[in-house]
Amino acid sequence: HSSQMRQVRPMIDVVDAIDRQVVLPRPARRVVSLVPSETWSVAELAGVDRVVGRTDYCFEPVGAVESIASVGGTKGFDVGAVKALEPDLVLANKEENSRPQVEAMIAEGLPVHVSFPCTVAESLSYLESLCVLLGIDPDASAHVEACCLAAKRAEYSGADVVPVFVPIWKDPWMTFDDGAYASDVLRVCGGHNVFASRVRQYPLAADLGKREPWSEERVADRDTRYPRIRLEEVTERGAALALLPNEPYEFTEADADELRAARGVTPLEVELVDGKDLFWYGTHVARAVERLGGVLAEFRKTRVRTATHN
């Protein structure tokens with residue numbers, strides 16, 4: 001009778017970033033992605049045809065996602081629109097997407113996977129989980145291999161680590177501490193986030209050094225990873241290089257000039273960079289660490305040449 005027994009396909013079982021078991025009866029074929037970097041990762045790993053829904057901000061890969069239905073913004077997406085697409089996997093992120101809406105999707109019984117990689121190593125682990133959810137062997141994926149190899153090659157072991165400042169907003173200027181993913185990207189590439197130990201203080205006036213900050217009890221569970229800063233702090237913390245990304249705020253040459261000219265900030269080298277290299281995890285890691293590693297390596301060479309000539 002054993003020949004008459006049907007073979008049972010094992011279910012897919014992955015634990016996500018909020019310690020939920022995401023169980024799928026089969027590899028996901030209809031994916032709604034609420035995170036731009038995850039939309040791109042799915043497209044590269046399994047093909048853009050797997051993506052049936054995206055956000056307004058999911059613009060990569062260009063030329064392939066425009067015809068995919070949008071469910072709104074990353075924060076303000078329409079839960080009903082997501083459900084109507086009948087996804088067998090919804091990709092969300094703990095920081096990118098609003099918690100009430102993610103919880104609403106889970107309450108609706110939608111198969112939601114929540115990510116939250118805060119380091120390059122965690123991004124690689126996330127990528128392996130995504131492969132499993134898509135029915136792909138991570139060990140056989142060229143993209144996973146490329147990311148692992150690129151991260152290994154980029155891992156800087158020299159003593160000449162570059163002190164780096166990366167703003168993410170202005171008016172007021174904002175940056176991130178060492179709890180943010182971008183801070184670890186800098187570390188891997190041979191940079192040091194000069195604001196790694198600078199937690200966000202509340203209220204704004206305290207963050208800008210104009211009054212005493214609230215107590216830890218009053219701050220409670222507010223996010224402290226993104227401090228609002230005074231430009232003088234960039235110099236005080238010894239930044240030698242500023243990398244200005246084009247997202248989430250689109251910095252321009254005018255902002256670069258403002259940094260260079262700011263009293264006490266010079267001599268600060270300023271480079272405009274692709275924000276995806278700092279903030280997008282997943283399959284983009286391979287490109288990101290190679291490019292950023294190159295920027296930091298070139299800065300070291302320039303600094304050596306300048307010191308030699310002087």
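Since the model is a prediction, treat every value here as computed from it, not as a measurement.

Trainee: Could you give an account of the packing of aromatic side chains, naming the residues involved and the relevant values?
Mentor: Working definition: an aromatic ring pair is given by the centre-to-centre distance plus the angle between the planes. Considering all chains together, one arrives at 10 aromatic pairs under this definition. Ring geometry for Trp40 against Trp280: centres 5.6 Å apart, planes inclined by 80°, an arrangement best described as edge-to-face. Of the two residues, Trp40 sits in helix α1 (residues 36–46) while Trp280 sits in the loop between α11 (275–279) and α12 (285–309), which places them 240 residues apart along the sequence. Each member of the pair Trp40 and Trp280 is classed as buried. Each member of the aromatic cluster is reached from another via a ring pair, and the members are Trp169, Trp173, Tyr249 and Phe251. Sitting above the plane of the Tyr202 ring, Arg228 keeps its charged end 5.6 Å from the centroid. Between the NZ or CZ atom of Arg300 and the centre of the ring of Tyr156, over which it lies, the distance is 3.8 Å.

Trainee: Lay out the environment of Cys148 in plain terms, naming residues and giving numbers.
Mentor: As for its placement among the helices and strands, Cys148 is situated in helix α5 (residues 142–154). We classify Cys148 as partly exposed; its relative accessible area is 32%. Taking the C-alpha atoms as reference, Cys148 lies 29 Å from Ala239; in sequence the two are 91 residues apart.

Trainee: Explain the packing of helix α4 (residues 120–133) against helix α6 (residues 181–188) residue by residue, including any values.
Mentor: Between α4 and α6, whose axes approach to 8 Å, the crossing angle comes to 110°. Considering their axes alone, α4 and α6 lie roughly perpendicular with respect to each other. Contacts between α4 and α6 involve Val120, Ala121 and Ser123 from the first element and Tyr181, Asp184, Val185 and Val188 from the second. Its residues assigned to classes, the contact of α4 with α6 comprises five nonpolar, one polar and one charged.

Trainee: Kindly report on the nonpolar core, identifying the contributing residues and their values.
Mentor: A general tendency of soluble globular proteins is for nonpolar side chains to be buried together. Residues Phe176 and Leu243 are the most contacted members of the largest nonpolar core, which totals 53 residues. With residues near it in sequence (within four places) discarded, Leu243 still touches Val164, Phe165, Val166, Pro167, Leu186, Glu271, Val273, Leu292 and Val295. If you look at the next biggest cluster of nonpolar residues, it comprises 16 residues, including Phe195, Val234, Ala256 and Leu268.

Trainee: With reference to specific residues and values, describe helix α3 (residues 99–107).
Mentor: All of the buried residues along α3 are Gln101, Val102 and Met105. Projected onto a plane normal to the axis of α3, the buried residues spread over an arc of 100° and lie on a single side. Among the exposed residues of α3, those pointing more than 90 degrees away from its buried face are Arg99, Pro100 and Ala107. A positive backbone phi angle near 85° is found at Gly109, which sits one or two residues after α3.

Conventions used here
Per chain, residue numbering runs from 1 following the sequence as it is written. Only residues with pLDDT of at least 70 are given local features in this predicted model, and only at 80 or more are side-chain atom pairs given and counted; all residues enter the totals for whole chains, interfaces and linings. Excluded from the side-chain calculations are hydrogens and water; all other atoms, namely the structure's heavy atoms, are used. Stacked, tilted and edge-to-face are the three classes applied to pairs of Phe, Tyr and Trp rings, where Trp contributes its six-membered ring and a pair requires centres within 6.5 Å; stacked means planes under 30 degrees apart, edge-to-face means over 60, and tilted covers the rest. Where helices and strands are cited, they refer to DSSP runs of H or I of at least four residues and of E of at least two residues respectively, numbered from the N terminus. Exposure is judged per residue with a 1.4 Å probe applied to protein chains only, and the accessible area is read against the type maximum: over 50% gives exposed, under 20% gives buried, and values in between give partly exposed. In this scheme, Lys NZ or Arg CZ marks a charge over a ring once it lies within 6 Å of the ring centre and within 35 degrees of the ring normal. Axis lines are fitted through C-alpha atoms, for helices just across the contact stretch, and the angle between N-to-C directions can take any value from 0 to 180 degrees. Orientation categories follow fixed angle ranges, with anything under 35 degrees roughly parallel, anything over 145 roughly antiparallel, 65 to 115 roughly perpendicular, and all other angles oblique. The contact criterion used throughout is that any non-hydrogen atoms of two residues lie within 4.5 Å. Only Asp, Glu, Lys and Arg are considered charged, only Ala, Val, Leu, Ile, Met, Phe, Trp, Tyr, Cys and Pro nonpolar, and every remaining residue, Gly among them, polar. Think of a nonpolar core as a cluster: buried Ala, Val, Leu, Ile, Met, Phe, Trp, Tyr and Cys residues, connected wherever their side-chain atoms sit within 4.5 Å. It is the directions from the helix axis to the C-beta atoms that the arc portrays.

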